[in-house]
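# Results of the structural survey
So you can see what is in the structure, the chains are spelled out below.
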Amino acid sequence: MEYQVHIIGGGMAGSEAAWQLARRGIRVRLSEMRGGGDTTPAHQSDGLAELVCSNSFRSDDHEKNAVGLLHEEMRRCDSLLMAAAEKARVPAGSALAVDRDVFSAAVEEALRSLPTLEIVRERVDVLPQDGLAIVATGPLTAPALAGSIGAATGADSLAFFDAIAPIVYRDSIDMKVAWMASRWDKGAEASLALGGDGRDYINCPMTKEQYFAFWEELQAGEKTEFREWEANTPYFDGCMPIEVMAARGPETLRFGPMKPVGLDNPHWATAEHPNGRWPYAVVQLRQDNKLGTLWNMVGFQTKLKYAEQVRIFRTIPGLENAEFARLGGLHRNTFLNSPTLLDRQLRLKSAPHIRFAGQITGCEGYVESASVGLLAGLMAAAELAGRNWTPPPRTSALGALLSHITGDAEAESFQPMNVNFGLFPPLADVKKKQRKEAYTERAKADLRDWLPTLA
Ligand SMILES: Cc1cc2nc3c(=O)[nH]c(=O)nc-3n(C[C@H](O)[C@H](O)[C@H](O)COP(=O)(O)OP(=O)(O)OC[C@H]3O[C@@H](n4cnc5c(N)ncnc54)[C@H](O)[C@@H]3O)c2cc1C
């Protein structure tokens with residue numbers, strides 16, 4: 001069959017993209033290497049849309065939870081993966097969890113029923129030279145294709161490891177303790193040019209006692225082990241876990257990411273020191289999105305278990321009530337620096353016949369990957385029909401995630417991201433307790449107006 005779109009990778013994103021295209025009568029070739037003699041270090045089967053680890057799509061609460069809202073929006077876009085999840089659903093409280101084999105079989109059966117879709121079990125080693133393509137090969141993209149992507153994007157723009165520092169909601173940081181400043185007040189000009197006021201970092205101060213107590217907690221905290229195949233992927237010094245750095249000696253952090261020099265704490269001002277004093281150590285947070293709602297803890301990538309991160313990082317002065325948009329981690333993960341490489345339609349700027357979808361674009365999670373696949377499919381369908389593409393509203397979960405990965409995230413510190421309310425345009429006039437409901441209501445109303453733009 002002569003195809004109009006070539007989708008590479010039959011995981012979460014590729015399967016959803018194939019569905020969105022072929023159910024519109026578009027001829028699609030879906031190339032999946034599993035079943036053709038190849039596999040990844042994490043997949044166990046040859047099935048399409050295999051869940052490689054947990055069997056959960058997380059919360060299904062579409063009134064108060066961002067991923068639950070994403071489920072709902074995908075359902076409204078006739079998502080195959082959401083329909084298959086419904087068929088395969090198992091009891092899991094308010095979460096959407098599935099029987100993974102039933103789920104994968106339901107996806108495959110639905111795709112096989114589409115006459116314009118051809119599923120081919122083959123590995124693709126180079127990016128297609130022409131014709132519309134969607135690359136959805138995931139965090140474990142096969143090495144030859146990763147090489148071809150690296151050659152097209154520049155090796156520095158393709159990461160093989162995510163070293164994620166925790167990200168904190170700005171409004172949960174206690175600014176009576178923390179303060180805004182740049183070290184030595186440097187970089188004011190660049191800051192002003194970007195709309196800042198020259199004080200670009202949030203700084204959390206520590207006394208000597210607090211620092212040493214924290215240093216001990218970091219070392220004692222329970223860690224996640226590397227998987228066997230991850231242990232062989234070396235990490236660079238620049239993304240060394242904070243606890244590994246701590247283990248090198250009591251002062252290592254104070255001369256590294258927790259360096260206090262050049263940071264006068266105005267909360268500690270006295271008559272003798274009207275600008276304040278340098279603390280013994282400092283934890284710095286840097287703005288992580290254009291909206292200024294998310295801040296990442298600089299240099300705090302970690303393999304500590306999630307519960308331990310929350311417990312230990314809340315001992316940092318100013319972060320006692322911190323809410324985390326995402327916690328830190330360190331995994332093998334192939335992903336692009338999408339904010340610089342992709343346009344708003346997920347197309348490679350240097351080769352716009354190629355779209356990327358799924359986790360390789362820098363979203364994180366099964367649902368997010370599938371949702372970006374859904375959008376890539378819709379975009380390609382609009383392009384083939386010669387229709388103008390209207391992006392999903394920025395206030396919806398689909399729109400917020402898409403905007404983040406295609407330009408709103410800070411390119412320099414770009415790391416894979418789950419959907420969360422910090423990506424949504426803020427609703428400052430709504431009381432904090434009512435914000436989640438207000439975000440989801442606004443999203444659903446705005447999405448209702450957008451759906452008719454899809455043919
Ligand atoms: C070990 C691990 C555990 C994870 N656990 C979770 C979790 O519990 N919950 C969660 O929400 N997210 C998890 N993720 C993150 C992520 O959500 C999943 O990896 C998700 O499956 C990503 O979807 P995707 O479509 O982008 O990639 P995938 O689902 O991995 O699909 C990519 C597909 O492309 C194929 N492929 C790769 N290279 C080629 C090639 N050259 N030619 C043809 N086919 C190719 C692969 O075989 C695969 O089927 C995990 C990731 C990893 C690596």
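Predicted, not measured: the structure shown is a model, and the values here were computed from it. (Residues numbered from 1 in each chain as written. Predicted model: local features only at pLDDT ≥ 70, side-chain atom pairs only at ≥ 80, totals over all residues. Heavy atoms only, no water.)

### Observations concerning the sheet that holds strand β16 (residues 347-348)
Strand order in the open sheet formed by 6 strands is β6-β2-β1-β7-β17-β16, with mixed pairing between adjacent strands. If you trace the sheet from one side to the other, it starts and ends with β6 (117-121) and β16, each paired once. Pairing of strand β1 (residues 5-8) with strand β2 (residues 28-32) involves 4 bridges; the strand directions are parallel. For His-6, the partnering residue across the bridge sits in β2 and is Arg-29. The sheet contacts of helix α4 (residues 100-112) involve β2 and β6, and relative to β6 the element is tilted by about 125 degrees. (Pairing = 2+ DSSP bridges. Helix = DSSP H or I, 4+ residues; strand = E, 2+ residues; numbered from the N terminus. Contact = heavy atoms within 4.5 Å. Axes fitted to C-alpha atoms, helices over the stretch in contact; angles between N-to-C directions.)

### Section: helix α1 (residues 12-22)
In terms of residue burial, α1 counts as a mostly covered element, since 11 of its 11 residues are buried. The complete set of buried residues in α1 reads Met-12, Ala-13, Gly-14, Ser-15, Glu-16, Ala-17, Ala-18, Trp-19, Gln-20, Leu-21 and Ala-22. (Buried < 20%, exposed > 50% of the residue type's maximum accessible area, 1.4 Å probe, protein only.)

### Structural notes on the site of the ligand
Close to the ligand lie 34 residues, the nearest being Ala-13, Glu-32, Arg-34, Gln-359 and Gly-365. In this structure, an oxygen atom belonging to the ligand sits 3.1 Å away from a main-chain N or O atom of Ser-54. Ser-369 places a polar side-chain atom, nitrogen or oxygen, 3.5 Å from an oxygen atom of the ligand. For the ligand, whose free accessible area comes to 970 Å², the fraction covered by protein is 93%. Listing elements by their share of the shell around the ligand, those giving two or more residues are α1, β2 and α12 (366-384). When its residues are assigned to classes, the shell around the ligand shows 15 nonpolar, 14 polar and 5 charged. (Near = heavy atom within 4 Å. Polar contact = N/O pair within 3.5 Å; in protein donor to acceptor, adjacent residues only side chain to side chain. Areas by Shrake-Rupley, 256 points an atom, 1.4 Å probe, with all protein chains shown as cover. Nonpolar A, V, L, I, M, F, W, Y, C, P; charged D, E, K, R; others polar.)

### Regarding the sheet that holds strand β12 (residues 281-287)
Strand order in the open sheet formed by 6 strands is β10-β11-β12-β13-β9-β14, and the pairing between neighbours is antiparallel. For this open sheet the edge positions go to β10 (179-181) and β14 (324-326), each flanked by a neighbour on one side alone. This sheet shows a mean twist of 40 degrees between the axes of neighbouring strands, independent of strand direction. Pairing analysis gives 3 bridges linking β10 to strand β11 (residues 201-206), with the strands arranged antiparallel. Its bridge partner being in β11, Ala-181 is matched across the sheet by Tyr-201.

### What to know about the packing of aromatic side chains
Enumeration over the complete set of coordinates arrives at 15 aromatic pairs. Between Trp-184 and Trp-278, the aromatic rings sit 5.5 Å apart at their centres with planes inclined by 80 degrees, giving edge-to-face as the arrangement. You can see Trp-184 sitting in the loop between β10 and α6 (188-193) and its partner Trp-278 sitting in the loop between α9 (242-247) and β12, a full 94 residues away along the chain. With relative accessibility at 49%, the residue Trp-184 sits in the partly exposed group. You can call Trp-278 partly exposed: its relative accessible area is 39%. Aromatic side chains Trp-389 and Trp-450 sit 6.1 Å apart centroid to centroid with 90 degrees between the ring planes, which places their arrangement in the edge-to-face category. Highlighted residues: Trp-389 in the loop between α12 and α13 (397-408) and Trp-450 in helix α14 (residues 435-450), separated in sequence by 61 residues. Every member of this aromatic cluster is reached through a ring pair, and the members are Tyr-211, Phe-212, Trp-215 and Tyr-280. A cation over an aromatic ring shows up here: Arg-254 above the ring of Tyr-280, its NZ or CZ 3.9 Å from the ring centre. (Phe/Tyr/Trp six-rings, centres within 6.5 Å; stacked < 30°, edge-to-face > 60°. Lys NZ or Arg CZ within 6 Å of the ring centre and 35° of its normal.)

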